Every structure is written in C-alpha cells, then in structure tokens.
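Residue strings, one per chain:
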Amino acid sequence: QRLCCVPCAVQWILLRRGLKLFEQEIIGKALGLIIPPKYKHLFLSRIKISVKKPAGGYGTKETDGSKINKFFKRHKIQLKVKKIFYSELKDVQHVARIIADNLKRGNDIMIITYLAAIWPKKRNGHATLATEIILGRNPKVVVGDPSFMKKKFYKLDLVKIIKGMSKEWDGEERGFYVFSKK
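What counts and how
- Residues numbered from 1 in each chain as written.
- Predicted model: local features only at pLDDT ≥ 70, side-chain atom pairs only at ≥ 80, totals over all residues.
- Heavy atoms only, no water.
- Salt bridge = Lys/Arg side-chain N within 4 Å of Asp/Glu carboxyl O.
- Helix = DSSP H or I, 4+ residues; strand = E, 2+ residues; numbered from the N terminus.
- Buried < 20%, exposed > 50% of the residue type's maximum accessible area, 1.4 Å probe, protein only.
- 1 Å grid on protein atoms, 1.4 Å probe; cavity = no way out; pocket = protein on both sides within 12 Å on 5 of 7 lines; lining within 4 Å.
- Points joined across faces, edges and corners; volume = space filled by probe spheres on them.
- Nonpolar A, V, L, I, M, F, W, Y, C, P; charged D, E, K, R; others polar.
- Contact = heavy atoms within 4.5 Å.

(A) Spotlight on the pattern of salt bridges. Applying the stated criterion to the full structure yields four salt bridges. One salt bridge in this structure joins arginine 17 and aspartate 108, with 2.7 Å as the shortest N-O distance. Of this pair, arginine 17 sits in the loop between helix H1 (5-16) and helix H2 (24-30) while aspartate 108 sits in strand E4 (residues 108-114), and the two are 91 residues apart along the sequence. A relative accessible area of 8% means that aspartate 108 is categorised as buried. The partner of arginine 174 in a salt bridge is aspartate 170, with the nearest N and O atoms 2.9 Å apart. Given the relative accessible area of 32%, aspartate 170 is considered partly exposed.

Below is the structure:
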C-alpha cells in the first residue's frame, strides 16, 4: 500500500513469526499514518489526511517504538520493539555487529533511513527489513523492501544506510528498530 512501508514491514514480521496478521491500514492508523488527499481513494479505513505535507513527510509518525509497542500490547502480540537511534551508533562495524547478533538470535531489524543517502534523487524516509548482513571492510545488508515499486530483496551499502539515519537530510533522526519476543 502506498505510504505504508512501516506497516508493511510490521506485517511481514508478524507473517514470518506466524502471528496474527493485520491489514496495513490498521497498523498504519495505530502508527499515526498521514496521507495526502490524492491517495484517499486507496484506503478503506479512515486514515488521517493532510493537504499540507507534515514535518518529516507523509507516512507513519512512529519516532521511538512506543506506538508499535502499544499496538502489540493492545492486540496481545508477544513482541516488543526497541529503537536504536543514529546518535547511539558508534561506527559501521559496531552497527554490523548489532545487526548480525540480532539476526542470529532470530530478532527482526527494521531499518529507517533517508533514501537520498542511497539514491540521490529520492527525497523521503523509508523502512526496509534487514534479512542478512554481509560482514567485511564495507558491510552490506540484504534488505526486504515493502515498496511496490522496487525489487523485494537487494543489497545496500551499510555506510550509506547509516548516513541516511542522520538529521542532516530533513532534521529527523532515524535509526533502526529491533523486534524481539517479550
């Protein structure tokens, strides 16, 4: 669904773990999804619509994991999420180890980055899921991409992903979310 990269990623996590599924619109509404009027016809439920582009752009308004955790609690889903902010990251090898350790434990990693750091013409934040880490001097992450306009799995340079998490792009600090069992 358009503007639903975060809800879609959450939906994929629920699917992978064999948990109860929810429509992206239901997840999106719980996470503060805001859409422009031109996409209203694509949504069945009452999603917040704004003519003026919100700070940080259209899409979900989850900033720290609290809305996702509230959604899990409300629906009795035995998962918790913790956000690791860009400002908490030391260097690329530190981030690579965090991702590798969490994937090894069976946790899910949702990456939130600004796409211009990867593709200079893109001007928005985006969520993907880390599915594999390729360690080395220049680590790569194989991501699952919920966008309906992209390949579903591809490699990204971890240095560029991290760069896109900084505030330098639009003033919003991004990072990644670690999903684990309660």
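(B) Spatial organisation of empty space enclosed by the protein. Evaluation of the coordinates by the stated rule reveals one cavity of 30 Å³ or more. The volume enclosed by the largest cavity comes to roughly 40 Å³. Among the residues making up the lining of the largest cavity, the classes are represented as seven nonpolar, three polar and no charged.

(C) Representation of the layout of surface pockets within the structure. The space that makes up the largest pocket amounts to roughly 1000 Å³. Lining the largest pocket are 40 residues, with Leu3, Cys5, Tyr58, Asn124 and Gly125 sitting closest to its centre. Mapped by element, the contributors of at least two residues to the lining of the largest pocket are H1, E4 and strand E5 (125-134). In this structure, the second largest pocket encloses a volume near 190 Å³. Taken together, 13 residues make up the lining of the second largest pocket; nearest its centre are Arg16, Asp108, Leu129, Ala130 and Thr131. Of all the secondary structure elements, the ones that give two or more residues to the lining of the second largest pocket are H1, E4 and E5. Split into classes, the residues belonging to the lining of the second largest pocket amount to seven nonpolar, four polar and two charged.

(D) Fine view of the environment of asparagine 124. Residue placement: asparagine 124 occurs in the loop between E4 and E5. According to the relative accessible area criterion, asparagine 124 is partly exposed, its value standing at 34%. Separated by ten residues in the primary sequence, asparagine 124 and tyrosine 114 place their C-alpha atoms 5.7 Å from one another. Among all residues touching asparagine 124, those that are not within four sequence positions of it are Thr113, Tyr114 and Leu115.

Function-wise, these values are silent; they only describe arrangement.
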